[in-house]
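Letter by letter, the chains look like this.
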Amino acid sequence: MKIAFWSNSPGKSGVTGNLSCISIVSAMYQPSEMVLFENHVNINNLGSTFLNQNSYDKLQEKNSYFVENGLGRILSYCDMGNLVNAGMVHRSCLSVFDQRVFYLPTGGMNPDLMEYRLKRHAGEAMSLLEQVYSTVCIDISSSSLESSRKILKEADLVVVNLCQNRQQLSHFFRNYSEIQQKAFYVIGNYDPQSEITKYDIVNRFGLPGHQIGTIPYNRRFADALTEGKVIPFLLRNYDCGKENANYDFMSAVKETVCLYEQAKEA
């Protein structure tokens, strides 16, 4: 299954953090393997949420010594047809959680070259990865990249990351009817004290309640994202009690992941 994580409000809804959080908690429920990658180059990317800075710097340094690695290698495989096997694909990916969640690093590719290659091979790359991993998740740039449009079109499910802003919400529901047909919604950096609550959005835009989840803003989770400690944070707090400061956050995340899994099966 091909799942795109996307937002029409860049920098506000926490797409990368939401994907990293949902993928790890989802892997705790499901034993199947998934692979994650992004179609843009950014310092704060999926790799930096899973690996501490020293490890990530070493990974980037290691990749720079090779002609190609990670996503670049997969894009090259797209021209090889039947010569590519599961082992070749698997060796291009980095296991970040218990041999269940894998990450496909960009390998320091030039952003323009990366976009050029993805424009040509995005669909083929996703299909190739899908032959090896049951779920392929892509963190898509909110900017108007051609590869973003192609990935959104190819995706079986689009996780639309919303923010609590009336203008941005209205803009999405007025202009993206095609995406809405295969969307699951996540309100990122959710503030329950805002006038624009989940239930306000459900009622205003006529969404089924099971089609939308929340990931609240949590300072400790935000720190874990920037320090490459998302996985230890989620494992440590997964079964925390009500007296724990992270209880409300984890409860919302678990509920969202349950709804997300239902959306995948629908």
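Everything here concerns the structure above.
Residues numbered from 1 in each chain as written. Predicted model: local features only at pLDDT ≥ 70, side-chain atom pairs only at ≥ 80, totals over all residues. Heavy atoms only, no water.

A. Structural view of the packing of helix H1 (residues 15-29) against helix H12 (residues 230-237). Packing of H1 against H12 brings their axes to within 10 Å, and their N-to-C directions diverge by 50°. For the element pair H1 / H12, the angle class is oblique. The hand of the H1/H12 crossing is right-handed. Taken together, the residues of H12 that come into contact with H1 (itself represented by Ser20, Cys21, Ile24, Val25 and Met28) are Val230, Ile231, Leu234 and Leu235. Grouping the amino acids of the contact of H1 with H12 by side-chain chemistry returns 8 nonpolar, 1 polar and no charged. (Axes fitted to C-alpha atoms, helices over the stretch in contact; angles between N-to-C directions. Helix = DSSP H or I, 4+ residues; strand = E, 2+ residues; numbered from the N terminus. Parallel < 35°, antiparallel > 145°, perpendicular 65-115°, else oblique. Left-handed = near helix turned anticlockwise from the far one by under 90°. Contact = heavy atoms within 4.5 Å. Nonpolar A, V, L, I, M, F, W, Y, C, P; charged D, E, K, R; others polar.)

B. Representation of the pairing of strand S8 (residues 212-216) within the structure. With 5 of 5 residues buried, S8 lies mostly within the body of the structure. Residues of S8 alternate between two faces, with Ile212, Thr214 and Pro216 on one and Gly213 and Ile215 on the opposite face, all of them buried. By the bridge criterion, 5 bridges tie strand S7 (residues 183-190) to S8 in an arrangement that is parallel. When the bridges of S8 are listed, tyrosine 190 appears paired with proline 216. The parallel pair S7 and S8, bridged by helix H10 (residues 198-205), forms a crossover whose chirality is right-handed. (Buried < 20%, exposed > 50% of the residue type's maximum accessible area, 1.4 Å probe, protein only. Pairing = 2+ DSSP bridges. Right-handed = clockwise from strand over helix to strand, strands pointing away.)

C. Layout of the packing of aromatic side chains. A full pass over the atoms with the stated rule returns 13 aromatic pairs. Residues phenylalanine 221 and phenylalanine 249 carry aromatic rings whose centres are separated by 4.9 Å and whose planes lie at 35° to one another, so their mutual orientation is tilted. Taken together, the residues phenylalanine 221 in helix H11 (residues 219-227) and phenylalanine 249 in helix H13 (residues 247-265) connect sequence positions 28 residues apart. Residue classification places phenylalanine 221 among the buried residues on the basis of a relative accessible area of 5%. Consider the rings of phenylalanine 233 and phenylalanine 249, whose centres lie 6.0 Å apart with planes at 70°: the pair is edge-to-face. (Phe/Tyr/Trp six-rings, centres within 6.5 Å; stacked < 30°, edge-to-face > 60°.)

D. Highlighting unusual backbone geometry. Of note, glutamine 99 is a non-glycine position whose phi angle comes to about 55°, a positive value. You can call glutamine 99 partly exposed: its relative accessible area is 46%. With a phi angle near 50°, asparagine 189 is a residue other than glycine that sits in the positive phi range. You can see asparagine 189 is positioned in strand S7. Judged by relative accessible area, which is 36%, asparagine 189 ranks as partly exposed.

E. A look at the nonpolar core. Counting 46 residues, the largest nonpolar core has Leu129, Val160, Leu162 and Tyr185 as its most contacted members. Counting residues per element, this core draws most heavily on helix H6 (residues 111-130), at 7 residues. With residues near it in sequence (within four places) discarded, valine 160 still touches Trp6, Phe172, Ile179, Ala183, Phe184, Tyr185 and Val186. Formed by 38 residues, the second largest nonpolar core is a distinct cluster that contains Ile22, Val96, Ile215 and Val230. (Core = buried A, V, L, I, M, F, W, Y, C linked by side-chain atoms within 4.5 Å.)

Function cannot be inferred from these measures alone, as they are strictly geometric.
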